Structures are given as structure tokens and as C-alpha cells.
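# Summary of structural features
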Number of protein chains: 2
Amino acid sequence: MQTAAATLQIRPTPLTREAFAPFGDVIEMQPGGGYAINGGTSWRWDDVAALDLTREGGQPLLSLFRTEPCQLPLTIAFLERHPLSSQAFVPLSQRPFLVVVAPPGEQIKPSDIRAFLTAPGQGVNYAAGVWHHPLLALHSSSDFAVLGRRGPDENCDLHHFDHPITLVQ
Amino acid sequence: MQTAAATLQIRPTPLTREAFAPFGDVIEMQPGGGYAINGGTSWRWDDVAALDLTREGGQPLLSLFRTEPCQLPLTIAFLERHPLSSQAFVPLSQRPFLVVVAPPGEQIKPSDIRAFLTAPGQGVNYAAGVWHHPLLALHSSSDFAVLGRRGPDENCDLHHFDHPITLVQ
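Description of the structure in this document. Nothing here was measured: the structure is a model prediction, and the numbers come from that model.

Our next topic: the relation of the copies chain B and chain A. With an axial shift of 0.0 Å and an RMSD of 0.0 Å, the rotation relating chain B to chain A amounts to 180 degrees. Here the two chains are linked by the operation of a two-fold rotation axis. Among all residues of chain B, the minimum C-alpha distance to the rotation axis is found for B:L92, at 2.3 Å. The fraction of interface residues of chain B whose copies in chain A are also interface residues reaches 100%, indicating that both copies meet through the same surface.

Set out below in C-alpha cells:
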């Protein structure tokens, strides 16, 4: 006799640099950081993401994404990873979005999956190999600048889950 | 006896791909372009800027800028160029900004200077060697993602103008 597997429920927590550190970078204008340029008319924050885009003949690729909003609860059917490169998502609107990640590795332990809710304006940069869900916009159609890798090699793996995982509010 | 040089006045025109082609790329979601991804939940435009960031040991560098607005008329005292790399400015707000450019070359002919007013959401990517003014936000403080080059070499030249050049409305 089989017993039904319990649905794993994942609840997002606010995105912070500390909590996201195992997965990559939070892209934001960090208070207390940066420096003045252009005669003081601009403030500049450098290295807001550890870009890793040029391994094995890779070149940086700038894309724009327009994403329809998702509705919670949402079934997380799979995560993807880019083993050869980082991938950065910079929001072009001031709307929050959802981030679902799991640590690098050949397998994904469902209890290691984490979900984060961005603050308006925060972006993320997934480190190479970090498992992540495709964009999950909230509330309304949202635009993003995306910085990834163009290269000669296949650079996207998918991991489909055997048991249901649900992202809840 | 010296005569005073007439002030050269430059008036911005709307930013279009055609008009900006000699200077680089207009970064925008071009209608009719792009393709569906992620099961149709996102629309993706690739290669929205011809990134040129890895010459001579260069690596892509992602920065964030917060810029105070300028007031017109504005004296354009100098332009700068990055001979070894492109530099892309993606607005993180939906506000227009001003772009002042001149073609690549050791000298700048004042009559070759062009000024453009972006539409909300449009960004620009200056091709390597294109002379350009630092960010000129309008109306209120504006944020940008900036994609440039980190490298071992000096990569910024300035050209100061002998005669006044004024950017007008």
C-alpha cells in the first residue's frame, strides 16, 4: 500500500544579503557603500554582482525580460541551473518578485530549497550552478534586465521534482 | 582684436535606433522582436546591446548609479570616452534622461555633437571610443544599472571644449 507523499510547502522570507549569500548576490544600492563621481552629481556602487560570464569562451549577454505575474499558491515543478555562469536579474520596475533557489550540487534535497521575496528595487545574481526557478513576478507584468552568458557550450540543466512542492504566501 | 566665439547650442531630439546607430545601441524592448520562454510566462529580447567588455584582459563590471537631475540650459564642458570598451546604461526608473555624444576619433568637431532625449524605459550602450557626457538625469534623482569593463588598462579619456557648448531644451 502506498501512502501519498506530503506536499512540501515553502514560504518566502524577505531577501537579505546574509540569507542569500550561499546562492549569489543581492543587487542593491547598499547604504554606506559606493562613492561620488561626476563632480558629485552621481553616486556609484561597483561590483554589485560577482559576474562569472567568460568561462570557456563565454561572453556577457544582455537581455530584457517581460514577465507575467504568478499566483500563489504555486506548484514548483522544477528548478534550473547554469553550471558555467552566473545569471543576474535587475528589476526595471519597483515591484517585488519571488526567488526560489537550492544549493549547487547534482541532487536537490527538497528541505534545502529556499524562497525569498525581494524588496522593491532589489535584484539577484545567481552564482554558477545554483538551482533556481525561472522569474516569478508578482502583482503585474514586470520587466527585468538579465545578464547572462553566451557561449559555445550547453549551459542549462533542469531538475524536475518527483513530489509536489508548493510555494505559499 | 579678438571676437567672442558664439556659443554653440545643442537641442536634444528623440532617441531612436536609427539616429543613435553611429554611437551604439538603444536598449529597449523592440516591438516585434524577442521570443517566448518559461512556458510562455516571459518574453525575452536577447542581445539588446553589443557588449564589448573583454578586450585586453577586460571583464564585465556591473554597477549601480544614482544621479541627481540636471537643469537646462546646461554647459557641456567636456565629453569622455572609453577606448577599450562599450558602456551600457539601463534606467531603473521610467524617467527620460539626456544623452550627449560625438563620434569616435582623436578630435571632436563641435558640429558633430548630438543630443538625444530618451523615452521612458529606453537605455543606451555607447560603443567603444564614442565620446559621451556623463549621466544627465531629468526631473528627479534617477537610478541606472551600468555595465562596463574592469581591466588592467586606463580606459577613460576626457576632451575639454575650448568654446562654450550649451545644451538647451
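From this point on, the discussion continues.
Looking now at the nonpolar core. Residues A:L62 and B:L62 are the most contacted members of the largest nonpolar core, which totals 28 residues. When residues of this core are traced back to their parent elements, those giving at least two are β6 (59–67), β9 (87–91) and β15 (142–150) of chain A together with β6 (59–67), β9 (87–91) and β15 (142–150) of chain B. Each residue touching A:L62, except ones within four places of it in the same chain, is listed here: A:A145, A:V146, A:L147, B:I27, B:W45, B:D46, B:D47, B:V48, B:A49, B:L51 and B:V90.

On to the interface of chain B and chain A. Taken residue by residue, the interface counts 37 residues in chain B and 37 residues in chain A. Interface area, chain B with chain A, both sides summed: about 3,300 Å², of which 60% is carbon and sulfur. The largest per-residue losses of area from chain B upon contact with chain A belong to B:M29, B:L62 and B:L64, which jointly make up 21% of the total buried on that side. Applying the counting criterion to the chain B and chain A interface returns two salt bridges. A:R150 is the partner of B:D47 in a salt bridge, and the nearest nitrogen-oxygen pair spans 2.5 Å. For the pair chain B and chain A, the number of links is 18 residue pairs in polar contact (both at pLDDT 80 or more). Elements supplying a minimum of two residues to the side of chain B that touches chain A: β5 (42–45), β6, β9 and β15 of chain B. Residue contributions to the side of chain B that touches chain A peak at nine residues, all from β6(B). Taken together, the residues of the side of chain B that touches chain A sort by class into 21 nonpolar, eight polar and eight charged.

How each quantity is defined
- Residues numbered from 1 in each chain as written.
- Chains lettered and ligands numbered in written order.
- Predicted model: local features only at pLDDT ≥ 70, side-chain atom pairs only at ≥ 80, totals over all residues.
- Heavy atoms only, no water.
- Least-squares fit on C-alpha atoms with pLDDT ≥ 70 in both.
- Contact = heavy atoms within 4.5 Å.
- Core = buried A, V, L, I, M, F, W, Y, C linked by side-chain atoms within 4.5 Å.
- Buried < 20%, exposed > 50% of the residue type's maximum accessible area, 1.4 Å probe, protein only.
- Helix = DSSP H or I, 4+ residues; strand = E, 2+ residues; numbered from the N terminus.
- Buried area = accessible area lost by both parts, 1.4 Å probe.
- Salt bridge = Lys/Arg side-chain N within 4 Å of Asp/Glu carboxyl O.
- Polar contact = N/O pair within 3.5 Å; in protein donor to acceptor, adjacent residues only side chain to side chain.
- Nonpolar A, V, L, I, M, F, W, Y, C, P; charged D, E, K, R; others polar.

Spatial relationships are all this shows, so hold off on functional conclusions.
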